[in-house]
Amino acid sequence: MRRRTHAFFLTGCLAFILTLMTGKVDLYGDKSSVPIPEPAFEINHIRTDLSRAVRPFDREYDGPVIDTHVHLDPPREGVVSRKDLKEIVQVITDSDVDYAIFMPTPNEGRTRNHEVGVKQKLTLQKMGKGRIRLSAGSNYITYWLHRAYRDGYSEKQLKKILKRISSDLDGGPYSGIGEIGVYHFNKGGRQMVIEYQPNFEPFLRIVDFIAQRGAILDLHVEPVEPEGKSREDEAFGGLELLFRRNPDLKIILSHTGMTNTSNARKLLEKYPNMMMNLKIFKRHRKWRNLEPIINRRGEIYEDWARLFEQMPGRFMIGTDYKFGRGHKHETPAYKLSIREIRLLLGSLNSDAARRIAYENAGLLFKDSGN
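Quick caveat, the model's predicted, so the values are computed rather than measured.

Another point: the overall build of the protein chain. Helix and strand content of the protein chain: 12 helices and 12 strands. In summary, the protein chain has a C-alpha radius of gyration of 22 Å against a globular reference of 21 Å for 370 residues, a match within 12%. Considering only intrachain contacts with a sequence separation of at least 6, the fraction spanning at least 24 residues in the protein chain is 81%. On the protein chain, roughly 17,300 Å² of surface is accessible, and the fraction owed to carbon and sulfur atoms is 52%. In the protein chain, the 59 positive side-chain charges and the 47 negative ones have mean positions that sit 6 Å from each other.

With that settled, consider helix α12 (residues 350–364). The end-to-end C-alpha separation of α12 is 20 Å, in line with the 21 Å expected for 15 residues at 1.5 Å each. The axis of α12 is deflected most strongly, by about 50 degrees, at I356. Buried residues belonging to α12 abut β2 (65–72), β3 (97–102), β9 (274–278), α10 (302–310), β11 (315–317) and α11 (330–346).

In terms of nonpolar packing, the biggest core is built from 91 residues, with F102, I165, F203, L219 and L345 touching the most fellow members. In this structure, I101, I216, A361 and F365 belong to the second largest nonpolar core, which totals 10 residues.

Most of β2 is tucked away: 8 of the 8 residues are buried. In the sheet, β2 pairs with β3 via 4 bridges, with the strands oriented parallel. Bridge pairing in β3 places D67 opposite A100. Handedness of the crossover joining β2 and β3 through helix α2 (residues 82–94) is recorded here as right-handed. Inspection of the sheet shows β2 paired to strand β12 (residues 321–323) by 3 bridges, in the parallel sense. Looking at β12, one finds that V70 is bridged to Y321.

With that out of the way, let us pick up the pattern of salt bridges. All told, the structure shown has 25 salt bridges when counted by the stated rule. Among the ionic pairs, R59 bridges to D58, the shortest N-O distance being 2.7 Å. By relative accessible area, which is 37% here, R59 ends up partly exposed. Salt-bridge contacts for R231 lead to E234; the nearest nitrogen and oxygen are separated by 3.0 Å. Salt bridges linked by common partners bring R55, E302, R306 and E309 together as one network.

This brings us to the packing of helix α7 (residues 232–245) against helix α8 (residues 261–270). In a pair of packed helices, the angle between the axes and the distance between the axes together describe the arrangement. Remark: α7 packs on α8, axes separated minimally by 11 Å, with the N-to-C direction vectors making an angle of 15 degrees. If you check the angle between α7 and α8, you find them roughly parallel. The crossing of α7 and α8 is right-handed. In this structure, α7 uses E232, F236, L239 and E240 to contact α8, whose residues at the interface are N263, L267 and K270. Split by residue class, the contact of α7 with α8 holds 3 nonpolar, 1 polar and 3 charged.

Between its first and last C-alpha, α7 extends 20 Å over 14 residues, near the 20 Å set by a 1.5 Å rise per residue. Most of α7 is tucked away, with 10 of its 14 residues classed as buried. Buried within α7 are the following residues: E232, A235, F236, G237, G238, L239, E240, L241, L242 and F243. Residues of α7 that are buried sit in contact with β5 (174–184), α6 (201–212), β7 (216–221), β8 (250–253), α8 and β9.

Here we come to unusual backbone geometry. Residue G178 is joined to E179 through a cis peptide bond whose omega torsion reads -10 degrees. Phi angles above zero are rare outside glycine, and D96 is one such case at about 55 degrees. Here D96 shows up in the loop between α2 and β3.

Attention now moves to the packing of aromatic side chains. Counting across every chain of the model gives 14 aromatic pairs. Relative to F200, the ring of Y196 has its centre 6.3 Å away and its plane inclined at 55 degrees; by these criteria the two rings are tilted. Each member of the pair, Y196 as well as F200, is classed as buried. Their ring planes at 75 degrees and their centres at 5.3 Å tell us that Y321 and Y334 sit as a pair that is edge-to-face. Placement of Y321 in strand β12 and of Y334 in helix α11 is noted, with a sequence separation of 13 residues between them. Of the two residues examined, Y321 and Y334, each falls in the buried class. Looking at R133, its charged tip hangs above the ring of Y99, at a distance of 3.9 Å from the centre.

Another point: the side chain of H69. Mapped onto the elements, H69 comes out in strand β2. Since its relative accessible area comes to 0%, H69 is described here as buried. Of note is the side chain of H69, whose polar atom sits 3.2 Å from the side chain of H71. A polar side-chain atom of H69 sits 3.1 Å from a polar atom in the side chain of E179. H69 has contacts with I101, M103, E179, D218, S254, H255, N277, I317, G318, T319, D320 and Y321, leaving out every residue within four places of it along the chain.

Inspection of the secondary structure puts L239 in helix α7. Look at L239 and you get buried, because its relative accessible area is 3%. With 61 residues separating them along the chain, L239 and I300 place their C-alpha atoms 27 Å apart. Ignoring sequence-local partners within four residues, the contact set of L239 consists of L219, I251, L253, L267, Y271 and M274.

Reading guide: rules and limits
Residues numbered from 1 in each chain as written. Predicted model: local features only at pLDDT ≥ 70, side-chain atom pairs only at ≥ 80, totals over all residues. Heavy atoms only, no water. Helix = DSSP H or I, 4+ residues; strand = E, 2+ residues; numbered from the N terminus. Rg over C-alpha atoms; globule rule 2.2 N^0.38 Å. Contact = heavy atoms within 4.5 Å. Areas by Shrake-Rupley, 256 points an atom, 1.4 Å probe, with all protein chains shown as cover. Lys, Arg positive; Asp, Glu negative; His and termini not counted. Charge placed at Lys NZ, Arg CZ, Asp CG, Glu CD. Expected span 1.5 Å × (residues − 1). Bend = angle between axes of the 7 residues up to and from the residue. Core = buried A, V, L, I, M, F, W, Y, C linked by side-chain atoms within 4.5 Å. Buried < 20%, exposed > 50% of the residue type's maximum accessible area, 1.4 Å probe, protein only. Pairing = 2+ DSSP bridges. Right-handed = clockwise from strand over helix to strand, strands pointing away. Salt bridge = Lys/Arg side-chain N within 4 Å of Asp/Glu carboxyl O. Axes fitted to C-alpha atoms, helices over the stretch in contact; angles between N-to-C directions. Parallel < 35°, antiparallel > 145°, perpendicular 65-115°, else oblique. Left-handed = near helix turned anticlockwise from the far one by under 90°. Nonpolar A, V, L, I, M, F, W, Y, C, P; charged D, E, K, R; others polar. Phe/Tyr/Trp six-rings, centres within 6.5 Å; stacked < 30°, edge-to-face > 60°. Lys NZ or Arg CZ within 6 Å of the ring centre and 35° of its normal. Polar contact = N/O pair within 3.5 Å; in protein donor to acceptor, adjacent residues only side chain to side chain.

As structure tokens, then:
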């Protein structure tokens, strides 16, 4: 018995030493002590008809544009190309975009060179001379949350992330924190999934910290899985939880919340500090259950046009364009994306077009320090 006890003691000591060496000390397995509340409104679970009424093109909006949501993948070989960055600055200038806000994708933390990607974006921002602004954090936050939800986490790890957020907001040229993903599913067959519950304790503490700093959070939450399974109760209940904890939290919900106009309206009515960015997405096969705002010809659905005109102060442009993926016509295609945005805006009344194009973003990011 004494030998067996001694063996167990040695095994425990070895296990403890191993956790010290790997950094997995005091791993917390509990997901959260806070339940997800009911959504703050009655959810409309209907998936809208993609052949419904659209508003025909009227004219092309030719005023200023601010693009609040753009990506640049880290360099695959780990070497930053100033030539490529110069081309990005040039196409943004040629597209008459006042400035574009670049940020990591939710899955960027999986890439080998994601920290090189941070330096790359900082170089781009300096080269842009006012045309480029940045949001930070997703590369070291989102994928960590995804893994921590499954494998556990330590207080030391979480504090390190909070310290880095503080450093970014204090010393970096950042407009906010984003694009943080909660639910980010495999829509196209090749995307890596990000998934954890919105009441996961580390996520709540990170959002609390961002709110306390008064920073802007760009948040990606897909309320429906690609095959149509609803996650709306969790997604919208999660937003209710975030705002209960932090009533002054400033959120930009990515891609019009990827929900129908009924739910989008209720979200904006309920949470006055919430904004939404809007993107052009024509490939309905991938986006079917996430409510595209245009048809395949690029015409805006009439229900979205009415919502934009009725609540013009709550939306901004966010193309979600992805540079750095090596496509032959990648840089010129951004200019086409902005032209499609201008056609969409031209279908709205002039007040809504002007506010969505640049005024709302200009007011929100005026003190960003970029």
